[in-house]
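Fold and contact review
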Amino acid sequence: MAMLDLHPIAVIAGKEFWDRIRNRWVLAVALVFTVFALSIAYFGTAQQGSVGFRSIDLTIASLVSLVIYLIPLIALMLGFDAIVGEKERGSLDLLLTLPVTRVEVILGKYLGLAGALTFSSVAGFGLVGLILSPQLNVAALIHYAGFMGSAILLGMAFLSLAVMVSVLALDRTRASGLAIALWFFFVLIFDLLILGILVVSGGQFGGDAFPYLLLLNPADVFRVLNVFSLDEVRTLYGLATVFPPALSHPALLCAVMAAWIAAPLGVAMWRFKP
């Protein structure tokens, strides 16, 4: 197997990243993250008759639900046309006339888009962290940084799925449809499906396998990773009572998330035909 040439990967990644900077995509997403995160931090308890920041634990608990809905959708919409869109515009043929391999094209596009998504996530959530920092101790800041890191991993996992869809789809319309279907399945349907099986079977089928089944969904891996990171957050989720502590180790969950990033990207590299 030929060695990868880092130069074309860097060039393609740089183009993808700066295209998002120039069209203000990064700014828009960062602004969305900042507004939502600040609103949750200061007004998340308004229904209880009080406003203002209460604790980083409760803030993270609320942000987890927001991130699970928002970041996968943004990542899928960002990457679904990375390859198929280039095909339809005819620019992919021009790109492939250059001395660049299909693996380098996939990696370059993925890294550029991942860089844009990471930059917007760090900018948006990081600004909120700076605003809240006078009210947080070092331990709380570390936990918040861990939450940001896990959110970035979640986005990269769904971006990897988006690039795979972009390679497999025949056109942008089908790619966008598949991307939306993936969002519905992983974010809305997957957990309901598992719970439905448990309820219908009276807990006889899938009960012991339940924690392992959750690892088949990157959104659930992200949720568990954050649920078990803070004591106050853990008590808010019934999930903590059925998930074995050994399976909730942060290093293991991060490894699972890394697999979710690598596997779809590997499929994309394998199926991409110049």
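Scroll up a little and you will see the structure.
Definitions and cut-offs
- Residues numbered from 1 in each chain as written.
- Predicted model: local features only at pLDDT ≥ 70, side-chain atom pairs only at ≥ 80, totals over all residues.
- Heavy atoms only, no water.
- Phe/Tyr/Trp six-rings, centres within 6.5 Å; stacked < 30°, edge-to-face > 60°.
- Helix = DSSP H or I, 4+ residues; strand = E, 2+ residues; numbered from the N terminus.
- Buried < 20%, exposed > 50% of the residue type's maximum accessible area, 1.4 Å probe, protein only.
- Axes fitted to C-alpha atoms, helices over the stretch in contact; angles between N-to-C directions.
- Parallel < 35°, antiparallel > 145°, perpendicular 65-115°, else oblique.
- Left-handed = near helix turned anticlockwise from the far one by under 90°.
- Nonpolar A, V, L, I, M, F, W, Y, C, P; charged D, E, K, R; others polar.
- Bend = angle between axes of the 7 residues up to and from the residue.
- Salt bridge = Lys/Arg side-chain N within 4 Å of Asp/Glu carboxyl O.

Tallying each qualifying case throughout the model produces 12 aromatic pairs. Here the aromatic rings of Phe-17 and Phe-119 are separated by 6.1 Å at their centres, their planes lie at 90°, and the arrangement is edge-to-face. On the criterion of sequence distance, the pair formed by Phe-17 in helix α1 (residues 6-22) and Phe-119 in helix α6 (residues 102-132) is long-range, its members being 102 residues apart. Under the relative-accessibility criterion, Phe-119 is labelled partly exposed at 45%.

Where helix α3 (residues 56-79) contacts helix α7 (residues 138-168), the two axes come as close as 8 Å, and the packing angle between them is 20°. One way to sum up the angle between α3 and α7 is to call them roughly parallel. Considering the relative orientation of α3 and α7, their crossing is right-handed. Of the residues contributing to the contact of α3 with α7, the split by class is 21 nonpolar, 4 polar and no charged.

A separate point is unusual backbone geometry. At Arg-24, a position not held by glycine, the phi torsion is positive, near 65°. Along the chain, Arg-24 turns up in the loop between α1 and α2 (25-43). Residue classification places Arg-24 among the exposed positions, given a relative accessible area of 61%.

Okay, α3 next. Bending of α3 peaks at approximately 35° at the position of Val-67. Of all 24 residues making up α3, 18 are buried, and the element is well covered by its neighbours.

Moving on: the pattern of salt bridges. Side chains bearing opposite charge may pair, as long as their charged atoms lie close to each other. Applying the stated criterion to the full structure yields 9 salt bridges. Residues Arg-20 and Glu-16 are paired through a salt bridge, measuring 2.9 Å at the closest nitrogen-oxygen approach. Taken together, the positions of Arg-20 and Glu-16, both in helix α1 and 4 residues apart, correspond to about one turn of that helix. In this structure, the salt-bridge partner of Glu-86 is Lys-109, at a minimum N-O distance of 2.7 Å. Residue Glu-86 is located in helix α4 (residues 84-89), and its partner Lys-109 is located in helix α6; the two are separated by 23 residues in the primary sequence.

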